[in-house]
Structure formats: structure tokens, C-alpha cells
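The primary structure of each chain is shown beneath.
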Number of protein chains: 4
Amino acid sequence: MGVTMDGTKQQRRGNTRQRIQDVALELFAEQGYEKTSLREIAERLDVTKAALYYHFKTKEEIIVSLFADLTKPMEELIDWGEQQPHTLATKQEIVRRYSQALVDAAPLFRFMQENQATVRELRIGDSFKDRMRGLRDIFVDPDADLVDQVRCASAIFTLHAGMFLLQDLEGDPEKKRAAVLEVAVDLVTQAHKGGAGT
Amino acid sequence: MGVTMDGTKQQRRGNTRQRIQDVALELFAEQGYEKTSLREIAERLDVTKAALYYHFKTKEEIIVSLFADLTKPMEELIDWGEQQPHTLATKQEIVRRYSQALVDAAPLFRFMQENQATVRELRIGDSFKDRMRGLRDIFVDPDADLVDQVRCASAIFTLHAGMFLLQDLEGDPEKKRAAVLEVAVDLVTQAHKGGAGT
Amino acid sequence: MGVTMDGTKQQRRGNTRQRIQDVALELFAEQGYEKTSLREIAERLDVTKAALYYHFKTKEEIIVSLFADLTKPMEELIDWGEQQPHTLATKQEIVRRYSQALVDAAPLFRFMQENQATVRELRIGDSFKDRMRGLRDIFVDPDADLVDQVRCASAIFTLHAGMFLLQDLEGDPEKKRAAVLEVAVDLVTQAHKGGAGT
Amino acid sequence: MGVTMDGTKQQRRGNTRQRIQDVALELFAEQGYEKTSLREIAERLDVTKAALYYHFKTKEEIIVSLFADLTKPMEELIDWGEQQPHTLATKQEIVRRYSQALVDAAPLFRFMQENQATVRELRIGDSFKDRMRGLRDIFVDPDADLVDQVRCASAIFTLHAGMFLLQDLEGDPEKKRAAVLEVAVDLVTQAHKGGAGT
DNA sequence: GATGAATGAGATTTCATTCAT
DNA sequence: GATGAATGAAATCTCATTCAT
């Protein structure tokens, strides 16, 4: 369609790229990457498939671009964290900020969480692993007790999982987020108290 | 002609059915369900695609059968748990046994963890949700502090995530499993001590 | 369609592969390889595109298989020639036999002649080059006069070109072939007489 | 705005048109016409596809224009030849001059030689055939012996083929060209001596 | 218990072309 | 003289599935 007859869809000019990203992420998160066809994305946007290829060279490039755009704040946070001393205070601060960054990029992370097999095959898999390794190196002290190492790893994981861990649970989302954050901070703090957990 | 009529003794002879399941699970876990084609499975087994259709009516039936077969122990555990009083001791026992059941069915859970988007679309999604809900209802006391609720949920989650959470970490797998178990038991125990967590 | 209603097209069973090759070669020769789509081939055979892919893994495999099948006699001739002494008599004999082999595989060679750019990109390009090099090494004596070397190369070339060189010329095809053969034999013979040609 | 109205001075300024032709011919010769996309041409020139359409109405027009520009000397040669008496001397002279014209337009002819299937479908096919017919009518005497007719045709063909016939052969290109020319002149001369070749 | 042959639907991708700016 | 955005058509290829044997 898209015939200029009524002027209803002319105001989107120059933002097609953005709109593709938005719709794509929505569908990828909902149905998975493989199950989402470019036809579907194009139809929702009322453009042709070829239009998608004008903006992105391949299907993979769409998800890669989403990843790059949405994880920039985290990348910056990790870069920052690497330059700070790895004290408990730093870690707590990172947990807090990371929690917020996760919320901001929630749909992307929901997608990644739920499509790990796919992510692994795509190029973003490696970028993500690098990022996670950076985070782990800040949090996990390799000389610490193994249980405490797990605590720290679990803290990060709880944050990641938190978003959708609580979907079934009733209650105010903001409160749930706060609860998740508290558990994560707790885990990090306990780990720092020195393995007294056992 | 050895056609199964009652379902009790598939393994009897002509173990092709079993071999299909094995290879399928391996590939599904590795590459994802959508990315794994029946052609690939057939080729690995050195049979034709049509042979798969002799044993399973559809592709989905393969994964459904795997799920049914491999989660039976958990189903039984949850059934058992539902009939026990929901005391701390019961929960700790379930955590321990569940941890073992997870290890036994690790590849399936790795698959499910990494292909949630796919799982959701398939029939096993619902069966799994039912199972998880059963588990949650045993663990999570809806009247407890929200933070403690998160602790309990996080305990189960830590178990599930544990398997691959620690893949990067060096160390004896048995010890790592023990560490994961300890963190999970800890979380459940803390939750029971009454929200004073920190 | 192919619906079994009348029984008119059931007698082709087991020869689909051959029929694909036949139609493909016809169309490749007529329109070129790139311009011939699998849709076109399938439609002519009244099967689906997917049926082609049952018999050949890729479009390229169709042409590769044609090449392999149709040039086998030549390959054998060259193998034979390599084991003979490279005398004038041998060369004349090869020219004669090669001429016949070319006639037998005429459509393929017409295709190759007219689609060299394509052939170069495909795997058959190299096989063909190897074959031609074998032939040249039999015919062309590297120590001979350059003009005589060209004569020998031109002999082979005249054979190859002969088929369609004379399409415009009127006259009995058999006679034309004989004339081409004579010119080729002539060139080879002159070359052997020792460059006195001019 | 410098738009060509008469066609005489394309090279004047804003030489994009020329550059398009150059790159296009290079790619057409290398990969074939069908395999060469306008995107590829545009990318090499660092302009957009749309820019090509400013200079040429269609893809075909690019090759048509190349043909027209590069074969003009031959056209003139043939026109000249038609007005001369068809003596041996004339023919030898034409062979010599034609040989030079071929060298000047080598890439185009390499392209045409190697993409005959494509050329046949395009408009240039007919123009070329007309030109070749003109040449043949000068060279081939329809009343002569068939073998001599083939000799004359083969002479022209040897010239055409010569360019790439000798690519594999080592040696000074200039010498190779001379050798090709000698064989061609030879063939024409023999034909005129009256079938004595046999 | 399995194969050989085929299908229908649909996927990703590419291309020549257009047109307003 | 050229670009940015888009399109319609088509291409190659893959997949789950069917069915007669």
C-alpha cells in the first residue's frame, strides 16, 4: 500500500530505521528471532521487505544494531567500574546503576535471556560475553571463597533474571524492582563480609 | 511388529526412537529448536527424514516427548512436596533433591533456559509453567515479606541458572554444584528467618 | 499440478533426475545460466522447485553434474592421448575423435562457449581448464616455432568453435563438420611440417 | 547544464559518464553482465545507484553505449572494406587493421566472447551480427570451395579468439599477436590459392 | 521399520528501477 | 548532477510434512 493519497503516513520520514528497530525488538522478544520473519516486520510497518534491506544489510544487522544502541550505557558503566577500586561501595554502586540500565533496556535483555541459543550463534554473543566478563572481573575476587564467588555471580544474575523472574508475582513493579535490587546488594555485601555465610 | 501399544517398553529393541531423542536434544541444546532441522537430525543418525516420522508425528512431538521423559522425576518430587508440610526442612530437602534432578536432566534444562521464546510457543511451555507454579507455591509464602519472596524465587532460579552460570568459572564441577546448592539453601533459610535479611 | 487423475505423467518415475538435466541444459544453452531460473526449469517439467532440490543440492550442482556426465568421453580420450607418443599420427587421431566427442556433447559446449564468464566462476571452470591444458600439452610442443604453437592451439579452437561458427553458413551439416575437421587436421599437419608454413 | 544534446562531446567535463562505462566494462568482462549489479558499479565509483540512472536510462543502455563507442572504428573499417574490391590484398589489409581494432577494444570483445548468451538477448547482439555478416561477405566467397570458406571464417575467428587464446601461453604479447595475425593471414591466403590446402 | 520422491509454504536476500528533493 | 528512500518482482534455497512402496 503506502500510496500517498491521504497524507496519514507521511510524517514518518527519516525515522524508518528507528521504527524498524522498535518493531523488530518487540517481535523478536515476543516470538524469538528465528520465528520472526522480515515479512512480518515489514507488514507491521507497512513497508516492503526491500525497505528493511535499505536500512540494514541483513537480518542479523538489525539485532546487532539494537544491541549496540541499547547496551551503550552499560558498556560505559563497566568502563567506569574498571577504573574504580573494586571496593564494596563501588560494587554496590554498580549494582544500583546496572539495575537501572537493565530496566531501560529491558526488552532487549528479555530477548537475550530467552534466546540464548540464538544469541550464541550471532555476533552479539561474543560482545555480550566480553561485557559480562568485564563485569565479573569487577565483582568476583578470584581469591575469595568459592561460595562467595557464587554469591557475587548470583547477584548479577539475579538482576538479569529479576526483570522477568517476578512477572508472575503480583505487586507494584517498582517495589518488585527494589526487592530484586535489595537481594542483589545483599548478596554482594554478604560476599564481602567474608564467607561467614557457611 | 514391535509397534508400541502401551508405551511402557519403548526401549525394548530397535532403539531408534531413543537415538532420535538423544541426537535431537543434543542439537536443540546446541543450536536451538528452530535452527535445528529434521534433515540435520536424520543425517546424524544416518536415516532418512521419513524415518523420524515413523517414530514421531511432528517435530514438536520430539521435544514434547523429551520433556515428558526427562522431567518425570521432578514432577514426582513436586507431587511429593505438595503433600508435605511447607516447613523449612521440607524446602531444604526439595532444594537438595531438585538440584540433583536438574543435574540429571541438565541438557534439557540448558535447552529450555536458552530457548524460552521457543518453549513458550510450544506445548511444553505450559506444562513447565504448571510445574514451576507448583514449586513456587511450595516455596513462596504469599504473606511473607516481598524481599523474602524474592529470596525464595531466587533460590530456585539460582539452581536453574547454576548449571551454566559457572561454566566460565574454573574449579571442580562437583564443588561448584555444592556451592550453588549452598547459596540456594542459604537463600531459603534466610527467607525463613524472617525478612531481617541484611 | 501433477495430480494423479489421468495417469498421463506417471510413467516418468525414477528418471526425474535425467529430465532435469535435459531441460536445464536446453535452457542454460538458450538463455544462459544466470538468466535461467529454477522456477523456469521446474515449470517446464511440471514439478515444484523443491523437487529440483531433492535431486540437486544447488543450482550449480546441476551444471556440474551435466559437465561431469557429458565430458567423460573426452576425459578418457585425453587420458588415452597422454599415454601415446605425441606423434603427428596420434594428434590427427585425437583431432578426429575429439571432433566426434564434441558433436556428441554439442549443447554443453555451446553453453560453455557462450557463457565463459559464468563458467569461470563455477567449479566446472577449473575442471575444464585442466582438461584443456591436458589437451594442449599433447598438441603443443613448447620448443616449436611460436607460429606453429598457435597453429596447434588454433586447431583445437577451430574444432570447438566449428560447431557454431558455421551455423549461419548454408550447407549439409555433415559436410560442414567434415570441412572443420579438415581445417583442424591441416593446421596440425602444417605445424608438424616445421614452421615453413608461410 | 552540460547535458549532452548532440553526443559529440561527452568527455567534456563531469566525466562520470565515462567512468561509469570504464568500471562497468571491467566488471562485465570479469564477472559477466548478469552477475554484475548496478550496486557494485556504483560502489566502485563511490556514487549511488541513482546517479547511474542520471547518465543511463537502463542497465542495458550502459553496455549498448559501450558497444557503440568502442566498435565505431570497426564499423568504419567494414564500411571501407565493402567499397573496395574483394581481392586478396584487400582482405589481408582488413585482417591487419581489424587485428589492431580488436586489440584496441579488447576488453569489450573479451566480454562479448564470453557472454554470448547474454549478448544474444540484448540489442547489441543484432548490431554485432550485422557487422559480422558484413565482414563475412567481404571475406567469404560463396562460390568457393567449402573448405576455403571455412578457412576464411576461421581467419576472422582466430583473430577474435587470439586475444585470450594465448593468455596461457608464455611469451611476449606483441609477438603472440604477430603470430596470431600470421596464422590469420595465412588462412586467408591459402583460401585464395584455391583449395590447394588438401 | 524405513525409504524415495515430492510438495506447499515460506524464508532471506538481491536487483533494476523510480521519484521527490 | 546526484542522493535518500523506497518498491515490486524475482531468485535461491530450506523446511516440515506426506505417502506409496
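This one's a predicted model, so the numbers in the text were calculated from it and none came from an experiment.

Cut-offs applied
Residues numbered from 1 in each chain as written. Chains lettered and ligands numbered in written order. Predicted model: local features only at pLDDT ≥ 70, side-chain atom pairs only at ≥ 80, totals over all residues. Heavy atoms only, no water. Salt bridge = Lys/Arg side-chain N within 4 Å of Asp/Glu carboxyl O. Helix = DSSP H or I, 4+ residues; strand = E, 2+ residues; numbered from the N terminus. Buried < 20%, exposed > 50% of the residue type's maximum accessible area, 1.4 Å probe, protein only. Contact = heavy atoms within 4.5 Å. Polar contact = N/O pair within 3.5 Å; in protein donor to acceptor, adjacent residues only side chain to side chain. Least-squares fit on C-alpha atoms with pLDDT ≥ 70 in both. 1 Å grid on protein atoms, 1.4 Å probe; cavity = no way out; pocket = protein on both sides within 12 Å on 5 of 7 lines; lining within 4 Å. Points joined across faces, edges and corners; volume = space filled by probe spheres on them. Buried area = accessible area lost by both parts, 1.4 Å probe. Nonpolar A, V, L, I, M, F, W, Y, C, P; charged D, E, K, R; others polar. Domains from an automatic or database assignment. pLDDT = per-residue confidence, 0-100. Near = heavy atom within 4 Å.

A look at the pattern of salt bridges
Considering all chains together, one arrives at 57 salt bridges over all chains under this definition. With its nearest N and O atoms 1.9 Å apart, the salt bridge here joins D:Glu114 to C:Arg120. Pair noted here: D:Glu114 is in helix H7 (residues 106–114) and C:Arg120 is in helix H8 (residues 116–121), and the two residues belong to different chains. The exposure class assigned to C:Arg120 is partly exposed, which follows from its relative accessible area of 32%. Between C:Arg151 and D:Asp186 there is a salt bridge whose closest N-O contact spans 2.6 Å. With C:Arg151 in helix H10 (residues 146–165) and D:Asp186 in helix H11 (residues 173–193), this pair bridges two chains. Residues joined in a network through salt bridges with shared partners are A:Glu93, A:Arg96 and A:Arg97.

With respect to the interface of chain B and chain A
Counting residues at the interface gives 40 residues for chain B, matched by 40 residues for chain A. Our count for the chain B to chain A interface comes out at six salt bridges. One salt bridge connects B:Lys35 with A:Glu121, and the closest N-O pair in it is separated by 3.9 Å. For the interface between chain B and chain A, the tally reads ten residue pairs in polar contact (both at pLDDT 80 or more). Of all the secondary-structure elements, those providing two or more residues to the side of chain B that touches chain A are helix H1 (16–31), helix H7 (106–114), helix H8 (116–121), helix H10 (146–165) and helix H11 (173–194) of chain B. By residue number, the principal contributor to the side of chain B that touches chain A is H10(B), which donates twelve residues.

Focus: the relation of the copies chain B and chain A
The two copies are related by a screw operation: chain B maps onto chain A through 180° of rotation and 0.1 Å of translation along the axis, at an RMSD of 0.1 Å. Those values place the two copies in the arrangement expected of a two-fold rotation axis. The position closest to the rotation axis in chain B is occupied by the C-alpha of B:Asn115, lying 2.6 Å away. With an isologous cut-off of 70% or more, the 100% of interface residues of chain B that recur at the interface of chain A puts this contact in the isologous class.

Some thoughts on empty space enclosed by the protein
A water-sized probe, rolled over the atoms, reveals where empty space remains. Tallying each qualifying case throughout the model produces five cavities of 30 Å³ or more. Taken as a whole, the largest cavity spans an internal volume of roughly 60 Å³. Lining the largest cavity are 16 residues, with A:Glu34, A:Asn115, A:Thr118, B:Glu34 and B:Thr118 sitting closest to its centre.

Comments concerning the interface of chain C and chain D
Facing the 40 residues of chain C at the interface are 40 residues of chain D. Carbon and sulfur atoms supply 61% of the area that chain C and chain D bury against each other, a total of about 3600 Å² over both sides. Summed over the shared surface of chain C and chain D, the number is six salt bridges. Going through the elements one at a time, helix H1 (16–31), helix H7 (106–114), H8, H10 and helix H11 (173–194) of chain C are the ones with two or more residues in the side of chain C that touches chain D. Of the residues belonging to the side of chain C that touches chain D, the class tally is 15 nonpolar, eleven polar and 14 charged.

Points about the domain arrangement of chain A
Residues and elements named next belong to chain A. Domain annotation for chain A reports domain 1 (2–59) and domain 2 (71–191). Counting from both sides, the interface comprises six residues of domain 1 and, opposite them, eight residues of domain 2. Carbon and sulfur atoms supply 67% of the area buried between domain 1 and domain 2, which totals about 580 Å² over both sides. The interface formed by domain 1 and domain 2 includes zero salt bridges. Class assignment of the residues belonging to the side of domain 1 that touches domain 2 gives a composition of four nonpolar, one polar and one charged.

Quick notes on the confidence of the model for chain A
Of the residues in chain A, 87% reach a pLDDT of 70 or more, and the chain-wide mean stands at 84. Mean pLDDT in chain A bottoms out at helix H10 (residues 146–165) of chain A, which sits at 80, and peaks at helix H3 (residues 49–55) of chain A, which reaches 97.

Considerations on the protein's contact with DNA strand F
Near DNA strand F you find 37 residues, and of these A:Tyr54, A:His55, B:Lys59, C:Tyr53 and D:Thr48 are the closest. Put simply, 64% of the atoms of DNA strand F that lie within 4 Å of the protein are in sugar or phosphate. At a separation of 2.9 Å, a phosphate oxygen of DNA strand F approaches a polar side-chain atom of A:Thr16. Between DNA strand F and A:Thr48 there is a distance of 2.8 Å, counted from a phosphate oxygen to a side-chain nitrogen or oxygen. Counted by class, the surface near DNA strand F contains 15 nonpolar, 13 polar and nine charged residues.

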